[in-house]
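Listed below, chain by chain, are the residues.
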Amino acid sequence: MIKQNLRDVLENIEIAKHNRPSNITDDVLLVAVTKNHSVEQMQEAIDNGVTDIGENRIQEALEKFSALDRNVTKHLIGHLQTNKVKQAVKHFDLIHSVDSQRLAQAVDRAAQSLNKVQDVLVQINLAREESKSGVDPDQLDELLSTVKDCTNLKLKGLMLIAPNYEQVEQCRPLFRQMYRLFQRQKEIYPTVEYLSMGMTHDYKIAVEEGANLVRIGTAIFGARDYR
Ligand SMILES: *Cc1c(COP(=O)(O)O)cnc(C)c1O
């Protein structure tokens with residue numbers, strides 16, 4: 001099932017790429033989100049070509065990563081607490097969820113102590129949803145310049161979790177706005193490379209609007225069991 005689901009997702013991404021404006025030519029990186037799924041499912045996805053894995057919680061991720069028989073690129077996509085920063089830096093290739101100066105500085109310090117340059121994305125709360133992670137759009141420029149000034153952080157791009165609208169098409173203007181922000185930041189910061197947006201219910205629209213990294217769980221692994 002995972003094999004067929006992966007094939008369907010990759011095909012949908014190809015179709016969405018063809019529906020993009022012609023100036024958008026980026027390839028799209030698929031990050032398979034394995035939270036609440038077993039290490040066997042993770043392994044099956046990897047055996048079928050997945051190169052990039054996304055997890056939300058550090059503890060769960062580390063238990064599963066240690067059982068893998070192959071090296072994969074590891075993405076931390078969930079909210080990061082400052083007391084978990086060191087473990088995050090030690091084990092993840094790309095942290096998607098930097099959303100405050102305080103967190104950026106904590107990740108920078110941890111990276112310094114581990115002698116690592118940590119790749120990060122800045123997560124934006126573009127729809128200004130209450131109780132959602134992500135930096136307020138008004139504070140984005142300031143946060144980006146803080147990240148830039150951190151010697152052990154490398155700013156790799158922007159990340160969005162779109163709101164859960166009743167109609168998924170309602171996400172489109174936000175995705176379009178994110179793409180414009182991404183283009184602008186790319187001109188200012190040459191290390192910027194990724195626009196991380198699009199999950200199971202909205203990735204086709206995200207890719208059509210310029211996402212070049214999608215984070216997909218349910219469409220690959222089925223519904224999560226939270227028991
Ligand atoms: C869980 C999660 C995903 C994947 O969600 P699906 O709807 O299962 O595709 C993507 N991004 C983040 C930040 C997540 O927490």
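Quick caveat, the model's predicted, so the values are computed rather than measured.

Trainee: Account for empty space enclosed by the protein, with residues named and values stated.
Mentor: Going through the model one piece at a time under the given rule, you end up with one cavity of 30 Å³ or more. Contributing to the lining of the largest cavity are Q123, I124, N125, E129, K132, S133 and I161. Looking at side-chain class alone, the lining of the largest cavity contains two nonpolar, three polar and two charged residues.

Trainee: Kindly report on the environment of E14, identifying the contributing residues and their values.
Mentor: The topology assignment puts E14 in helix α1 (residues 2–18). Since its relative accessible area comes to 37%, E14 is described here as partly exposed. Sequence separation between E14 and Y203 is 189 residues, and the spatial gap between their C-alpha atoms is 12 Å.

Trainee: Outline the site of the ligand, supporting the account with residue identities and numerical values.
Mentor: The ligand sits among V33, K35, N56, I77, I161, M199, T200, R215, I216, G217, T218 and R224. Contacts to the ligand include G217, whose backbone N or O atom sits 2.8 Å from an oxygen atom. At a separation of 2.6 Å, an oxygen atom of the ligand approaches a polar side-chain atom of T218. Here the ligand has 390 Å² of accessible area as a free molecule, and 92% of this is covered by the chains.

Trainee: How would you explain the packing of helix α6 (residues 140–149) against helix α7 (residues 172–188) if you had to name every residue and give the values?
Mentor: Between α6 and α7, the least distance of the axes is 13 Å, while the angle of their chain directions is 40 degrees. Relative to α7, the element α6 is oriented oblique. Note that α6 runs across α7; the crossing there is right-handed. Contacts between α6 and α7 involve L140, D141 and L144 on the former and, on the latter, L181, R184 and Q185. Looking at the contact of α6 with α7 residue by residue, the classes come out as three nonpolar, one polar and two charged.

Criteria and cut-off values
- Residues numbered from 1 in each chain as written.
- Predicted model: local features only at pLDDT ≥ 70, side-chain atom pairs only at ≥ 80, totals over all residues.
- Heavy atoms only, no water.
- 1 Å grid on protein atoms, 1.4 Å probe; cavity = no way out; pocket = protein on both sides within 12 Å on 5 of 7 lines; lining within 4 Å.
- Points joined across faces, edges and corners; volume = space filled by probe spheres on them.
- Nonpolar A, V, L, I, M, F, W, Y, C, P; charged D, E, K, R; others polar.
- Helix = DSSP H or I, 4+ residues; strand = E, 2+ residues; numbered from the N terminus.
- Buried < 20%, exposed > 50% of the residue type's maximum accessible area, 1.4 Å probe, protein only.
- Near = heavy atom within 4 Å.
- Polar contact = N/O pair within 3.5 Å; in protein donor to acceptor, adjacent residues only side chain to side chain.
- Areas by Shrake-Rupley, 256 points an atom, 1.4 Å probe, with all protein chains shown as cover.
- Axes fitted to C-alpha atoms, helices over the stretch in contact; angles between N-to-C directions.
- Parallel < 35°, antiparallel > 145°, perpendicular 65-115°, else oblique.
- Left-handed = near helix turned anticlockwise from the far one by under 90°.
- Contact = heavy atoms within 4.5 Å.

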